[in-house]
Amino acid sequence: MKKARIVLYTVSLFLILLACTTAVLASEGNRPPSGLANVVSNELEMAFTVTQPEVKPTTAPEATTAPTATPTASPEPASTPTATPQPTSVPTATIQPSSAPATGSVSPGGSELLTVIVDNGDGTTISGAAVRRTRDAAGRITDQVTFDAQQAAASVAGAKAAGRSAARIVIPDSEDKVSELRVQIPAAALDVLFKGGLELEIYSDNAAIKIPNASLSGITEDLYFRLVPIKDAAQRAEVEERARVERVVREAVSGEEVQVVARPMTIETNLSSRAVEITLPLKGVQLPADGRERTAFLAKLAVFIEHSDGDRELIRPEFVQYKQGLSGLSFGINKFSTFTILKLEGLGAAARHDAYILGYPDGTFRPEREITRGELAAILQRLKAEGAAPKAPAAAALADITGKRWSDPAVQYAIAGGLLQGYPDGTFKSEANVSRAELAAVASRWLNLPAGDGSTFADTATHWAGTEIGALLQKKLITGYPDGTFRPDQPLTRAEAVTIINTILQRNSESWSKSSWSDVPAAHWAFQAIQEASAAHEYAGKT
């Protein structure tokens, strides 16, 4: 205390002298030197700062601890280095934004590892997937997504817990900086999803690909998808020009204006001949606010598909919601190519294909069941098929066509049209099976084909229907078996029947993704043919 008093007395005396000096100078018309008050203030602050540590030890129980007070106090700043390791937690925090890979912040030639969510289709996260983002020297950004078996298993568990049956890999690109998206799914992951009963969806801001569970069955190689939005204006113009000159488009619009709507997409994959549903967003498309105008606008939209095998197709899609505030167009496909949404001014109401074969009341189609003569007669009547004049006997002369069986009216129609005939014993046998040769004969009469050029199969040269079979073979309307035979007397299944009839009718849309029948999964060899034959639908055309 004594020492502190001495310091205070000294300071007070100094202040008094300073005041006197200032007064004297002021009386002589002089001002104090600039900054003098600051210097004094700083000096005082330093004096009190130095003496403060000495005051603290006085509270210690023993005065002998005072000498050690200064060393004890000096380590206090050492607590700051203890705090400095805290910034090491920042790198951990910076990983979190990588779950939304839309920044495009990768430097040219660099890459970064990100993560995206996997949800069950309603936004509930059930798993995750790794994304490697790279930027080449030209600034093009590529996202490489890998969805492995462990992530697939987590998705199955999460989906089952939520009572859902889908795993959707969500890959955002809200800033539209990604030039190419690649998705790699190992065969083991596909097997986990299939056995878990999940369908798989790859969802980006440029396209969505939905793969039904049945289409995941039996895949033994790693699956890949490559999605490339066509952003370049010149490339878009090229697509538009190709669309204008394609026969399938010209036939649909009769020379009217063809306009590319939204951004074309190229989708490549090694998945083939399996039903898949594609949805393209109508990005940058302003839909009319008026309901009638919007309906008229949407009626003019079609998807022009340029398949890698040279096939060209025009599909009438389904109008759907892509995401909140954004509409889209959905359609089925079983091979991948370049997809372009067109607005066709001359495109009126779509043509319609009616169903010509029915299923059973229990919701099954029974594709492997052998088709009967009565069922074939019903198909011909629904298609309004007509052939040459009947050769006899007339239906009225057939003992078992009494009008009491469900198929009797159809049998009467088919016989009157010269497509079907009865047996020499005066019966029709509606419940008898149809052989492959019988359908060939019916098809030949239906199309009124001339005799063939002698083309035949190894087992049809001397068959009673050999001429008709040869005529269909020449027109490439039928095929045989790998061993060179046709097996003319083999009963025809319902699946085989619709496959042949679709070929005759040129009804091969190949655009189905959802089955109408519980026993015909999308992976069934005749799925497309059965759907085409059994589901009424609109279509735009195909080459």
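Residues numbered from 1 in each chain as written. Predicted model: local features only at pLDDT ≥ 70, side-chain atom pairs only at ≥ 80, totals over all residues. Heavy atoms only, no water.

1. Focus on the overall build of the chain
- When helices and strands are tallied, the chain shows 16 helices and 18 strands.
- Within the span of the chain, comprising 543 residues, buried residues form 43% of the whole.
- Excluding contacts between residues fewer than 6 apart, the proportion of contacts in the chain whose partners are at least 24 apart in sequence is 71%. (Helix = DSSP H or I, 4+ residues; strand = E, 2+ residues; numbered from the N terminus. Buried < 20%, exposed > 50% of the residue type's maximum accessible area, 1.4 Å probe, protein only. Contact = heavy atoms within 4.5 Å.)

2. Section: the confidence of the model for the chain
- With 74% of its residues at a pLDDT of 70 or more, the chain has an overall mean of 77.
- Per-residue pLDDT, averaged within each element of the chain, yields its smallest value for helix H5 (residues 90-94) (28) and its largest for helix H7 (residues 187-195) (95).
- Note that pLDDT drops below 50 for residues 20-104; the model gives that stretch 36 contacts with residues more than four away or on any other chain.
- Below a pLDDT of 50 lies the segment residues 389-393, which in the model reaches seven contacts outside its immediate sequence neighbourhood of four places, other chains included. (pLDDT = per-residue confidence, 0-100.)

3. Quick look at helix H13 (residues 436-447)
- The end-to-end C-alpha distance of H13 is 17 Å, a good match for the 16 Å that twelve residues give at a rise of 1.5 Å each.
- With ten of twelve residues buried, H13 is to be regarded as a mostly interior element.
- Among all positions of H13, only Arg436, Ala437, Glu438, Leu439, Ala440, Ala441, Val442, Ala443, Ser444 and Trp446 are buried.
- Positive phi shows up at Asn448, right after H13, with a value of about 55°. (Expected span 1.5 Å × (residues − 1).)

4. Thoughts on the packing of H13 against helix H15 (residues 494-505)
- Where H13 contacts H15, the two axes come as close as 12 Å, and the packing angle between them is 20°. Between H13 and H15, the interaxial angle falls into the category roughly parallel. Our pair here, H13 against H15, has a crossing hand that is right-handed. Side by side, H13 and H15 meet where Arg436, Leu439, Ala443, Trp446 and Leu447 of the first sit next to Glu496, Ala497, Ile500, Ile501, Ile504 and Leu505 of the second.
- For the contact of H13 with H15, the per-class residue count stands at nine nonpolar, no polar and two charged. (Axes fitted to C-alpha atoms, helices over the stretch in contact; angles between N-to-C directions. Parallel < 35°, antiparallel > 145°, perpendicular 65-115°, else oblique. Left-handed = near helix turned anticlockwise from the far one by under 90°. Nonpolar A, V, L, I, M, F, W, Y, C, P; charged D, E, K, R; others polar.)

5. Some remarks on empty space enclosed by the protein
- By the definition in use, this model includes two cavities of 30 Å³ or more.
- Considered as a void within the structure, the largest cavity measures approximately 100 Å³ in volume.
- In terms of lining residues, the largest cavity is bounded by Asp143, Ile171, Pro172, Asp173, Val178, Leu181, Ser204, Asp205, Asn206, Leu227, Pro229 and Met265.
- Looking at the lining of the largest cavity residue by residue, the class counts come to seven nonpolar, two polar and three charged.
- A volume near 50 Å³ is recorded for the second largest cavity.
- What lines the second largest cavity is simply Asn206, Ala262, Arg263, Met265, Leu280, Pro281 and Lys283.
- The element that contributes the greatest number of residues to the lining of the second largest cavity is strand E9 (residues 258-269), accounting for three residues.
- Split into classes, the residues belonging to the lining of the second largest cavity amount to four nonpolar, one polar and two charged. (1 Å grid on protein atoms, 1.4 Å probe; cavity = no way out; pocket = protein on both sides within 12 Å on 5 of 7 lines; lining within 4 Å. Points joined across faces, edges and corners; volume = space filled by probe spheres on them.)

6. Notes on the pattern of salt bridges
- All chains considered together, the criterion is met by 25 salt bridges.
- One salt bridge in this structure joins Asp483 and Arg487, with 3.4 Å as the shortest N-O distance.
- Using a relative accessible area of 48% as the deciding quantity, one classes Asp483 as partly exposed.
- One continuous salt-bridge network, built from bridges that share partners, spans Asp136, Arg140, Glu180, Arg182, Arg226 and Glu268. (Salt bridge = Lys/Arg side-chain N within 4 Å of Asp/Glu carboxyl O.)

7. Brief notes about the environment of Arg250
- Positionally, Arg250 belongs in helix H9 (residues 247-253).
- Distance in space between the C-alpha atoms of Arg250 and Leu344 is 9.8 Å, their sequence separation being 94 residues.

8. Points about helix H14 (residues 466-474)
- Looking only at H14, the buried set comprises Gly466, Ile469, Gly470, Ala471 and Leu472.
- Residues of H14 that are buried sit in contact with H13.
- In the stretch just after H14, Lys476 is the one whose phi turns positive, near 60°.

9. What to know about the packing of aromatic side chains
- The full count for this structure, using the stated rule, is five aromatic pairs.
- When the ring of Tyr203 is compared with that of Tyr322, the centres are 5.1 Å apart and the planes differ by 25°; the resulting orientation is stacked. Of this pair, Tyr203 sits in strand E6 (residues 199-204) while Tyr322 sits in strand E13 (residues 318-323), and the two are 119 residues apart along the sequence.
- With relative accessibility at 8%, the residue Tyr322 sits in the buried group.
- Judged by centre distance (5.8 Å) and plane angle (75°), the ring pair of Phe225 and Phe336 falls under edge-to-face. (Phe/Tyr/Trp six-rings, centres within 6.5 Å; stacked < 30°, edge-to-face > 60°.)

10. Points about the pairing of E9
- Of all the twelve residues making up E9, nine are buried; the element is thus mostly covered by neighbouring parts of the structure.
- With five bridges connecting them, strand E8 (residues 223-229) and E9 associate as antiparallel partners. By the bridge assignment, Arg226 is partnered in E9 with Glu268.
- When E9 meets strand E15 (residues 337-344), the two strands line up antiparallel, connected through six bridges. Residue pairing in the sheet places Met265 in a bridge with Phe339 of E15. (Pairing = 2+ DSSP bridges.)

11. Observations concerning unusual backbone geometry
- Not every positive phi belongs to a glycine, and Lys429 is a case in point at roughly 60°.
- Using a relative accessible area of 33% as the deciding quantity, one classes Lys429 as partly exposed.
- Even without a glycine there, the phi angle at Lys476 is positive, about 60°.
- With respect to the secondary-structure elements, Lys476 resides in the loop between H14 and H15.

12. Let's talk about the nonpolar core
- One finds Leu380, Leu420, Ile469, Val498 and Ile530 to be the most contacted residues of the largest nonpolar core, which totals 54 residues.
- At the level of secondary structure, the elements contributing two or more residues to this core comprise helix H11 (373-382), helix H12 (408-416), H13, H14, H15 and helix H16 (527-534). (Core = buried A, V, L, I, M, F, W, Y, C linked by side-chain atoms within 4.5 Å.)

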